[in-house]
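Per-entry structural report
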Amino acid sequence: GKVAFEFAAPDNLTTYRLVAVGQTKANQFGGDATQTVKISKPLLIDLALPRFLREGDSANLKIVVNNASTAPMSGEVVLDILDTEANTSTSALDRFGLTTAQARRPFTAAAGAGADVSFAIAAPRRVGSYAIRATAVSGSFSDGELRPVPVLPGRMQLAQSRFTALREGERGGRVQQGL
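The following refers to the structure shown.

About the cut-offs
- Residues numbered from 1 in each chain as written.
- Predicted model: local features only at pLDDT ≥ 70, side-chain atom pairs only at ≥ 80, totals over all residues.
- Heavy atoms only, no water.
- Helix = DSSP H or I, 4+ residues; strand = E, 2+ residues; numbered from the N terminus.
- Buried < 20%, exposed > 50% of the residue type's maximum accessible area, 1.4 Å probe, protein only.
- Contact = heavy atoms within 4.5 Å.
- Areas by Shrake-Rupley, 256 points an atom, 1.4 Å probe, with all protein chains shown as cover.
- Phe/Tyr/Trp six-rings, centres within 6.5 Å; stacked < 30°, edge-to-face > 60°.
- Polar contact = N/O pair within 3.5 Å; in protein donor to acceptor, adjacent residues only side chain to side chain.
- Patch = residues over 30% accessible without salt bridge, like charges linked within 9 Å, V, L, I, M, F, W, Y side chains within 5 Å.
- Salt bridge = Lys/Arg side-chain N within 4 Å of Asp/Glu carboxyl O.
- 1 Å grid on protein atoms, 1.4 Å probe; cavity = no way out; pocket = protein on both sides within 12 Å on 5 of 7 lines; lining within 4 Å.
- Points joined across faces, edges and corners; volume = space filled by probe spheres on them.
- Pairing = 2+ DSSP bridges.
- Axes fitted to C-alpha atoms, helices over the stretch in contact; angles between N-to-C directions.

On a plain count of helices and strands, the protein comes out with zero helices and 13 strands. Traced from its N-terminal end to its C-terminal end, the protein shows the element sequence β-β-β-β-β-β-β-β-β-β-β-β-β. Burial statistics for the protein: of 179 residues in total, 26% are counted as buried. For the protein, contacts bridging at least 24 residues in sequence account for 65% of all contacts bridging at least 6. Split by element, the accessible area of the protein, about 12,400 Å² in all, is 50% carbon and sulfur.

Following the criterion strictly, the structure yields one aromatic pair and no others. With 5.0 Å between their ring centres and 85 degrees between their planes, Phe96 and Tyr130 make a pair best called edge-to-face. Of this pair, Phe96 sits in the loop between strand E7 (90-91) and strand E8 (104-109) while Tyr130 sits in strand E10 (residues 128-138), placing them 34 residues apart in sequence. Relative accessible area serves as the criterion here: at 1%, Tyr130 is assigned to the buried category.

Attention now moves to the side chain of Ser69. Mapped onto the elements of the fold, Ser69 is located in the loop between strand E5 (58-67) and strand E6 (73-83). Within the structure, the side chain of Ser69 is placed 2.9 Å from the backbone oxygen of Ala71, a separation counted as a polar contact. Beyond its immediate stretch of four places on either side in the chain, Ser69 contacts Pro42, Ala111 and Gly112.

Turning our attention to a nonpolar patch on the surface. Together, Val19, Val21 and Phe29 make up a nonpolar patch on the protein surface, roughly 330 Å² of accessible area in all. Tracing the backbone shows Phe29 in strand E2 (residues 29-39).

Right, let's talk about the layout of surface pockets for a bit. Here the largest pocket defines a volume of roughly 150 Å³. Lining the largest pocket, in full, are Val3, Phe5, Leu18, Val19, Ala20, Ala33, Thr34 and Gln35. Elements represented by at least two residues in the lining of the largest pocket include exactly strand E1 (14-23) and E2.

Another point: the sheet that holds strand E3 (residues 43-48). As summarised here, the arrangement of the three strands in space is E3-E5-E9, forming an open sheet in which the pairing is antiparallel. At either margin of the open sheet sits one strand with a lone partner, and together these are E3 and strand E9 (114-122). In this sheet, adjacent strand axes meet at a mean angle of 20 degrees when their direction is disregarded.

Throughout the structure, instances matching the rule amount to eight salt bridges. One salt bridge connects Lys41 with Asp143, and the closest N-O pair in it is separated by 2.8 Å. Taken together, the positions of Lys41 in the loop between E2 and E3 and Asp143 in strand E11 (residues 141-152) put the pair 102 residues apart, joining distant regions of the chain. For Asp143, a relative accessible area of 12% puts it in the buried group. Between Arg133 and Asp80 there is a salt bridge, with its nearest N and O atoms 3.2 Å apart. One end of the pair, Arg133, is in strand E10; the other, Asp80, is in strand E6, with 53 residues separating them in the sequence. What makes Asp80 buried here is its relative accessible area of 14%.

See the structure below:
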């Protein structure tokens, strides 16, 4: 016989291995089939961002544009930085040293390959919550990503570690004897 089914796939790139086994009412197995299904989008972007920025930091934001189609793609990547504390999604590009024109870059990606697009920014002296939005458009294909990137004070220490070596037999400051 034949079987057909549909399922909703996530937006991310992944591969599914489907296995079907035929069984009769008398518990006899009549056959099996295995099929691999690769889920991909013709155009997909991936942001390489730091977890946070410090006041006055300089950073190079890298955006990878992946072309999963069988033909070369050319288009444009647009970057925007939003002030999420303002609750109005106001653009904060100027605070990060970019103009609207500087936040647009062309890309060209060969079939089955990727292209890197970079934007040099400088974090503002204003601590706050921001979100970086990047979109790529090529003909009728588009993709986008929005990720939070906080700007932290330059003087705040996030973690402190100290290396301590224990002598053999020591544990928690006490010497163990008679074990």
